[in-house]
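Structural characterization, general
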Amino acid sequence: MKAVRFAEYGGPDVLELVDVAEPHPGPGQIRIAVRAAGVNPHDWRVREGQFQRINPIPLPAGVGQDASGVVDEVGIGVTGIAIGDSVLGRGSSTYAEFAVLSSWTRLPDGLSFAEAAGYPSVVETALRIIRLVGVRPGQTLLVSGAAGGVGSAVLQIARDRGIAVIGTAGPANQDYVRSLGARATTYGPGWVERVRALGQVDAALDLNGAGVLRGLLDLTGDPDKVITIADLEAPMLGIRFAGVGGNMPAALAEAVDLITREKLHIPVAQSYSLAEAAAAHADSQAGHTRGRRVLLV
């Protein structure tokens, strides 16, 4: 089968579309014929080797965690799903024609494969960091990087829970952030003062690692009320880094509930072929995303 892999850490150019052996599911897993794979910042951080000291991986390695597709093999012990079912979920090496998933759920009615591939990791991350930062209904949450995939999910989940949101994003995404129920302002010099003008901040999330942690700390006055998923320097300021982890099956179930109730929609900003994975990573690293980037298989 065709799959995207890298044999050394580096920039997007280390990604190659190559022929590899097909994977097969182990106990409690399923295999899908991939229709779309989500492109996450975690993917290019792994490719760059940012986590190699804490989580070394053998090279060459595959890329990707999120995918949607059609079940074509079922592992031992798996129940409630059958060959031919359409699913979305998280697994490993999902930038490929076939991939093994360890967590999954059926595609909600009306959701395309391309859209579905953009949900798993961003919704799990959004749910987890909202919980970790301890923001409550009636309080105000500041989201730095509000227009991307995780930001789009955070804004909508917060609104559904009665949490007010202030979101920072690029000039072109101000109306988009407002459309998701947040008060919006831009990045750049003076952003802390612009946020203060919009209201009191009870908690804050850094989603893009743009060097904003000291400003978020100033606005909240408490490192326990700031969470980042992108700035590895956070521990130096006493701020928690919450990049990965969490209960994916529960997150997928909540995602389906939100989608079904029409409380959550994350648009596909741009789609690419497997052969264009390097371009997808370069665009993801450049930022200014509105919604999600996906690879179509």
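Analysis parameters
Residues numbered from 1 in each chain as written. Predicted model: local features only at pLDDT ≥ 70, side-chain atom pairs only at ≥ 80, totals over all residues. Heavy atoms only, no water. Helix = DSSP H or I, 4+ residues; strand = E, 2+ residues; numbered from the N terminus. Rg over C-alpha atoms; globule rule 2.2 N^0.38 Å. Buried < 20%, exposed > 50% of the residue type's maximum accessible area, 1.4 Å probe, protein only. Areas by Shrake-Rupley, 256 points an atom, 1.4 Å probe, with all protein chains shown as cover. Lys, Arg positive; Asp, Glu negative; His and termini not counted. Charge placed at Lys NZ, Arg CZ, Asp CG, Glu CD. Pairing = 2+ DSSP bridges. Domains from an automatic or database assignment. Contact = heavy atoms within 4.5 Å. Buried area = accessible area lost by both parts, 1.4 Å probe. Salt bridge = Lys/Arg side-chain N within 4 Å of Asp/Glu carboxyl O. Polar contact = N/O pair within 3.5 Å; in protein donor to acceptor, adjacent residues only side chain to side chain. Nonpolar A, V, L, I, M, F, W, Y, C, P; charged D, E, K, R; others polar. Axes fitted to C-alpha atoms, helices over the stretch in contact; angles between N-to-C directions. Parallel < 35°, antiparallel > 145°, perpendicular 65-115°, else oblique.

1. A short note on the overall build of the protein chain
Along the protein chain, the regular secondary structure elements total nine helices and 15 strands. Computed over C-alpha atoms, the radius of gyration of the protein chain comes to 19 Å, within 12% of the 19 Å expected from 2.2 N^0.38 for 297 residues, which places it in the range of a compact globule. For the protein chain, the spread of C-alpha atoms along the three principal axes comes to 55 × 40 × 30 Å. Residues counted as buried form 51% of the 297 residues belonging to the protein chain. As displayed, the protein chain offers around 12500 Å² of accessible surface, 52% of which is attributable to carbon and sulfur atoms. If you average the places of the 26 positive and of the 30 negative side-chain charges in the protein chain, the two averages end up 6 Å apart.

2. Focus: the environment of G238
Take G238: it is sitting in the loop between β12 (226–228) and β13 (240–241). Among the residues examined, G238 registers a relative accessible area of 44% and is labelled partly exposed. With 14 residues separating them in the primary sequence, G238 and D224 have C-alpha atoms 7.9 Å apart.

3. Quick look at the pairing of strand β1 (residues 2–6)
Bridge count between β1 and strand β2 (residues 15–19): five bridges; the pairing is antiparallel. Bridge pairing in β2 links V4 to L17. Judged from the two bridges that link them, β1 and strand β4 (residues 61–62) form a sheet pairing that is antiparallel. Note on β4: the bridge partner recorded for R5 is G62.

4. Brief notes about the domain arrangement of the protein chain
With domains assigned, the protein chain is organised as domain 1 (2–107 + 267–296) and domain 2 (123–241). Using only C-alpha atoms to locate each centre, domain 1 and domain 2 end up separated by 27 Å. With nine residues of domain 1 in contact, the opposing surface of domain 2 contributes ten residues. Taken together, both faces of the contact between domain 1 and domain 2 bury some 760 Å²; the carbon and sulfur share is 47%. Taken together, the links from domain 1 to domain 2 amount to one salt bridge. In this structure, E124 engages R90 in a salt bridge whose closest nitrogen and oxygen atoms are separated by 3.8 Å. At the surface where domain 1 touches domain 2, the tally comes to four residue pairs in polar contact (both at pLDDT 80 or more). Among the residues forming the side of domain 1 that touches domain 2, the class breakdown is one nonpolar, four polar and four charged.

5. Describing the packing of helix α1 (residues 41–48) against helix α9 (residues 277–286)
The contact between α1 and α9 brings their axes to 10 Å, and the two run at 105 degrees. Classified by the angle between their axes, α1 and α9 sit roughly perpendicular to one another. Where α1 abuts α9, its residues P41, D43, W44, R47 and E48 lie against H281, S284 and Q285. Grouping the constituent residues of the contact of α1 with α9 by class yields two nonpolar, three polar and three charged.

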